[in-house]
Amino acid sequence: MPCFAPPPTLAHRLRAAARRMAATMGAVVAVAVTSALALAALPAGAADEPGVIEIRTASAVASTAPVFPQDLKQRSVRLPDDWAESLPQADGPVWYRLEFTLPAPHVTPAPLMAAYIERACSTAQVWLNGNLVFSGGHLTEPVTRSCFYPQLVTLPPALLNPQGNVLDIKVQGSALQHVASRQRAGGLSTVQIGPHALLAELQARQTFWNVSLVQVISAMLVPLGIVMLGMGWQDRRSPYLIYFGLLAIGWAALSARLWWRDPPWDNATSEFGVCVGFGVLVALAIQFLMRYAAMRSTKLEIGLLVQCVLVPVSLALAGPERLYTATSGWYLLLSAEVMAAVTLYLRVTWRKGPDGRAEFWPMAFMLMGVGVLVLVDLATQHGWITLLPVHVLHFSMPLMFIAVGARQIQIFGRALQVAEASRNSLESRINEVTAEIERNFSQMAELRVEQVTEKERKRIAADLHDDLGAKLLTIVHTSESERISTLAREALEEMRLSVRGLTGKPMQVADALADWRAETVSRLSQANIEADWRSPTEDVHQQLSARAFVQTTRILREAVSNIIKHSGASHCKVRCSIGEHDFVLVVQDNGKGIPMELDGKLDRGHGMASMKHRAKQMQGQCLVESGPGYGTVIRLTLPL
Amino acid sequence: MNKILLLEDLPEIRAWVKALVTQVFPQAQISESARVHDALALISAERFDVALVDLGLPDGSGVDVVAALRDTQPEAQSVVVTIHDDDDHLFPALQAGAFGYLLKEQPREHFVEQLRRISQGEPPLTPSIARRVIAYFAAQNKPQERPQNLPHVSLTDRENEVLLWVAKGFTLPEIGTQLNLSRHTIADYVKQIYRKLNVSSRAEAALEAQRLGLFRR
C-alpha cells in the first residue's frame, strides 16, 4: 500500500524505539531487581549466625485445650509443618512443643533472647516454660490473619533456663480446603532461637518484603488507579484507561488481605471474597488488554460478566469444604484466560506495523513478566514448588501495574501535548484568518468608499454639465451681446475645469505639456501666428495635480488669447523647463506690448490680474514684462 | 451631403447647430430629433450622410445612436456634438464609431471650421485621446490581456508613429511636415485609426456578448 506521508527517518525511528525500550527496560529492571533482592534475602536466615539455633522438630497435637495437652497422644513432626500434608483436615488449633537449650552466649552480658517464627498461619500463641509470652491475636473466629507476618517472641530472661526450655506454640489455622490459596493454609515454620537484636532484624526484613512493600506499592496503586480513571473519564476514546484504573484499585483492595489481620468476618468469608475478587480483576485485565488493542467483543464482555457471577455461585455450590479445589480450578482457568488475552493482545499489536511494534516490545516484556509470575504462583498453589518465604507476586504484580500505568500516563501526556499543539496551531490559524477577513473587509470598505465617492463626483459633474452647462451654453449661443456670450463661454470653461479639478487624478507633467502644446500651437496657427514651442519631451516623470493642471491651462489659455486678440504679433515663443521642485513656462511674443495705464500699471483689461491671482493660489508667481514695441514676456513659475 | 440627422435635446442649441449646419451644407435636408428613441426610429426609416449626435439625452446616450448608425449605415459619418470634453465621454463614442467630435461652446467660426474639416475627411485628434488609443492597442497586443479568440486588430507602425506624435502635442499639419507626408495622408491615418478602434471594440463587444450567452449558435 502506498504511503504518502513522508516516512520518518531511520535515525528518528531508532531514537523513538530506544526511548521506549529504555522506559520499558527501566520498569523491567526495577521489577527484576526487587525480585532478586527479595530472593537474595531468602537464604539470609539467621540460622548460620553464631548464637542462633534453628528448631526443626516438635511434638504436635491437635487440641483446643487452653494449655499444652500433655496427656493426649503426641506425634513428632518436622518443621516446617504444613497442615495440608500432615493434617489435611485440621482447622486447628494445633499445639506444638519445642524443646531447646539456649545457645552458649558468645558475648557478655548474655543478650536478650527471642524466638523468631517466620510463619505461623493463621496465628499463634506462645508459652515459654508454661508462661504465656506471646499472643498473635484471636485464635477463635474471626481468626487473626497473620500468615504473612513473621512473629518475634521475646523470651524474658527470668523465664529462661540454661537448659531444657520448653516452647509451646498453639497455632490456629485453616485446612487447605478452607482457603483459596496454599499460602494461607495452616502451618508452622521452623523456629529460630537467638539474640533478640539479630532476629528482630530478620523479622523486619521479612516484614518489609511480605507486608510493608506490598502496602507501599498498593498505596501507590490507588492514586495511580484514580489518575487512570480520571484520564479515562476525560478521554472517552480511551475506555481501556477506565478498566486499567479499576484493575489497579481492585488489586490494591485485594492486596489488603496481606496486611489486614483482623477483618470483622470469619476466614471462610475472607477466602470467598478473595477468590471472587480475582474473578473481577481478571475480567478487568482482559477488558483492558482488549480495549487497549482496540478490540471489542460484546460476547466476550458478556462472558466475563457471567464469569464474575459464576465464580461466587460455583464457590457457594462447592461449599466451604471444597473451597480450595474450587478456587484452584478457577485460578487455573483465570490464568489461562489472562494468558490468552495477553497472547491475543501481543499478536494484534504486532500486526499493527511499526506503530504497533513500538508498543509491542514494552508491553511484551511486562506481560511476559506477568506470565512468569502467574506461572510461579500456579506452581506454588499446586505444591510443585515449596512455599517461598517471600511472595514475589504480591509486590511485583503491582510494580507491573505501575509500569503499565506510567506508560499510559506517558501516552496520555503525549496525546495532550499533540492536542495542545494542534489547538495552538488552530488558534493561530483562526487569528490569521480573522485578521485577513478584517483586512479584506476594511479594504472592501475603503474601496467602496472610493467607489461611492467617485460615483458621486461623476454624478455632480454630470449634473453640472446637464444643468448649469446647458444653461450657460444657451446663453453662449443665444445672447445678442458678444460680451455676455464670451462671459458665458468663459463661465462654461471655468465650470468644466472645475469639474475636471474635482474628478481628475494627478497627471504626468509630460502629458500636460502635450495637451498645452497641442492647444496653443493649434490656436496660434489658426490665427496665423507662428508658434515656436520647446519643452523637454523625454525623462519627465513628475506629476501635476489636477488643480494645478487646470489653473495652468487657464493661465496659458488667457496668455494665448491676449496674444491673438491684442498683440498683433506674428511670432510666439514658448519655453518650458522643469526643475526638481518647480517648472517654468515662458511665453514671449513679438507684438506691440501692453499699454500702460495712467497710473503706470499694466492694463487690467488683459486679464493680467487674474493670471497673477491664479499663480499665487498655487504658491507660484506670474511675472509680466512688457514695453510698447518690445512685445510681452510672461514668466510663470509653479511648484511641482 | 444631402441628408443630415441632428440629435439634440435643447431647442436653442438645436436651432443654433442647425443654423451652422445650414451654413456649411446649404443644400442639406435636416431631420431633427430630441430623443434617442426618435433618432433610432429615424435611422431605421431613412439613410443619412451625416449625423450630429449629442451624448447626454433625456432617454439615454447618443453613443447608442452612433453604434446603431455604424451597424446599419456604415457609410454615414457620425459626429459627436457635446458639452463634455473629457476622455471618459469621448473615447466610448469613438469606439462606437464616431468619426469626430465638436464641443458645443466653441465660437461659431471654430465650430464651422471644424465641421467643414470633418466632412472633408479630417477627423480631430487630441493628445489625450491619442494616449488612450495607444494604451488601448498596447493592451490588445498583450496576449495575456486579450480575450481568447479575439480577432487581432493592430495598428501599423506608421499609424502608431502618428499617434505618438499627436500624444506629444504636435498638430496634424506639424506631423505631416515631420514625416514628410501630406495633410491628407495624415488625415487618412487618423481615420484608419478610428476605424480600427471601432472594429476592435465591436469584436470585443461581440465576444463579450457571446461569453455572456447572448448569442446561441
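Residues numbered from 1 in each chain as written. Chains lettered and ligands numbered in written order. Predicted model: local features only at pLDDT ≥ 70, side-chain atom pairs only at ≥ 80, totals over all residues.

A. The arrangement of the overall build of chain B in detail. Of the regular secondary structure elements, chain B holds nine helices and seven strands. For chain B, buried positions account for 41% of its 217 residues. Long-range contacts, defined as pairs at least 24 residues apart, comprise 66% of the intrachain contacts of chain B with a sequence gap of at least 6. (Helix = DSSP H or I, 4+ residues; strand = E, 2+ residues; numbered from the N terminus. Buried ≥ 20, exposed ≤ 12 C-beta atoms within 10 Å, placed from the backbone. Contact = placed C-beta atoms within 7 Å.)

B. Just unusual backbone geometry, in detail. Residue and element names in this part refer to chain A. Residue Leu-79 is joined to Pro-80 through a cis peptide bond whose omega torsion reads -5 degrees. In this fold, Pro-80 is placed in the loop between strand 3 (75–78) and strand 4 (81–82). For the bond running from Cys-121 to Ser-122, omega is 10 degrees, close enough to zero to count as cis. By secondary structure assignment, the location of Ser-122 is in the loop between strand 7 (120–121) and strand 8 (123–128).

C. Molecular detail of the interface of chain B and chain A. The interface of chain B with chain A comprises 20 residues on the first partner and 23 residues on the second. Mapped onto the side of chain B that touches chain A, the elements with two or more residues apiece are helix 1 (11–24) and helix 6 (127–141) of chain B.

D. Region of the structure containing the confidence of the model for chain A. Here chain A averages 82 in pLDDT, while 89% of its residues score no lower than 70. Counting contacts from residues 1–7 of chain A, a segment whose pLDDT is below 50, to residues more than four positions away or on other chains yields zero contacts. (pLDDT = per-residue confidence, 0-100.)

E. Expanded view of the environment of Cys121(A). Relative to the assigned elements, Cys121(A) resides in strand 7. The sequence separation of Cys121(A) and Thr144(A) amounts to 23 residues, and the corresponding C-alpha distance is 9.3 Å.

F. The arrangement of the nonpolar core in detail. Membership of the largest hydrophobic core comes to 101 residues, with the highest contact counts inside it found for Ala115(A), Leu247(A), Ala248(A) and Leu289(A). The element best represented in this core is helix 5 (residues 267–292) of chain A, accounting for 14 residues. In terms of domain composition, this core takes at least three residues from each of domain 1 (14–38 + 210–424) and domain 2 (53–206) of chain A. Ignoring sequence-local partners within four residues, the contact set of Leu289(A) consists of Ala341(A), Val342(A) and Tyr345(A). With 99 residues, the next largest nonpolar core counts Leu7(B), Phe99(B), Val133(B) and Leu197(B) among its residues. (Core = buried A, V, L, I, M, F, W, Y, C linked by C-beta atoms within 7 Å. Domains from an automatic or database assignment.)

G. Structural view of the sheet that holds strand 4 of chain A. Residue and element names in this part refer to chain A. Ordered in space as 4-12-7, the three strands form an open sheet in which the pairing is antiparallel. Either end of the sheet is taken by a strand with one partner, and the two such strands are strand 4 and strand 7. Sheet analysis places strand 4 next to strand 12 (residues 187–188), joined by two bridges and oriented antiparallel. Among the inter-strand pairings, Asp-82 is bridged to a residue of strand 12, identified as Gly-187. (Pairing = 2+ DSSP bridges.)

H. Layout of helix 13 (residues 608–617) of chain A. Residues and elements named next belong to chain A. Buried within helix 13 we find Met-608, Met-611, Arg-614 and Ala-615. End-on, the buried residues of helix 13 take up no more than an arc of 130 degrees, which puts them together on one face. Along helix 13, the residues that are exposed and aim more than 90 degrees away from the buried face are Lys-616 and Gln-617. Turning to helix 13, the residues buried within the fold contact helix 12 (546–567), strand 19 (621–626) and strand 20 (632–639). Remark: Gln-619 follows helix 13 within two positions and exhibits a positive phi of approximately 60 degrees. (Arc of directions from axis to C-beta.)

I. The arrangement of the packing of helix 2 (residues 36–45) of chain B against helix 3 (residues 62–72) of chain B in detail. All names here are of chain B. Running from amino to carboxyl end, helix 2 crosses helix 3 at an angle of 10 degrees, the nearest separation of the two axes being 9 Å. With respect to each other, helix 2 and helix 3 are oriented roughly parallel. Contacts between helix 2 and helix 3 involve Val-36, Ala-39, Leu-40 and Ile-43 on the former and, on the latter, Gly-62, Asp-64, Val-65, Ala-68, Leu-69 and Thr-72. The class makeup of the residues in the contact of helix 2 with helix 3 is seven nonpolar, two polar and one charged. (Axes fitted to C-alpha atoms, helices over the stretch in contact; angles between N-to-C directions. Parallel < 35°, antiparallel > 145°, perpendicular 65-115°, else oblique. Nonpolar A, V, L, I, M, F, W, Y, C, P; charged D, E, K, R; others polar.)

J. Here's a closer look at the packing of helix 8 (residues 354–381) of chain A against helix 9 (residues 392–478) of chain A. Residue and element names in this part refer to chain A. Between helix 8 and helix 9, the least distance of the axes is 10 Å, while the angle of their chain directions is 165 degrees. Between helix 8 and helix 9, the crossing angle belongs to the class labelled roughly antiparallel. The hand of the helix 8/helix 9 crossing is left-handed. Contacts from Pro-362, Met-366, Gly-369, Val-370, Leu-373, Val-376 and Asp-377 of helix 8 reach helix 9 at Val-392, Leu-393, Ser-396, Met-397, Met-400, Ala-403, Val-404 and Arg-407. Looking at the contact of helix 8 with helix 9 residue by residue, the classes come out as 11 nonpolar, two polar and two charged. (Left-handed = near helix turned anticlockwise from the far one by under 90°.)

K. Focus on the sheet that holds strand 1 (residues 53–55) of chain A. All names here are of chain A. The four strands are arranged 1-13-6-10 in an open sheet whose pairing can be described as antiparallel. Each edge of the sheet is formed by a strand with only one pairing partner; in this case those strands are strand 1 and strand 10 (151–155). When the angles between neighbouring strand axes are averaged without regard to direction, this sheet yields 25 degrees. With five bridges connecting them, strand 6 (residues 113–117) and strand 10 associate as antiparallel partners. Bridged to Ile-117 within strand 10 is Gln-151.

L. Spotlight on the confidence of the model for chain B. For chain B, per-residue confidence averages 83 on the pLDDT scale, and 92% of positions sit at 70 or higher. The ipTM assigned to the predicted complex is 0.82, against a pTM of 0.53.

M. Local environment of the pairing of strand 5 (residues 94–100) of chain A. All names here are of chain A. Examined bridge by bridge, strand 2 (residues 57–62) and strand 5 share four bridges and lie antiparallel to one another. When the bridges of strand 5 are listed, Ser-59 appears paired with Arg-97. As judged from the seven bridges shared by strand 5 and strand 11 (residues 165–172), these two strands associate in the antiparallel manner. Along strand 11, the bridge assignment pairs Arg-97 with Asp-168.

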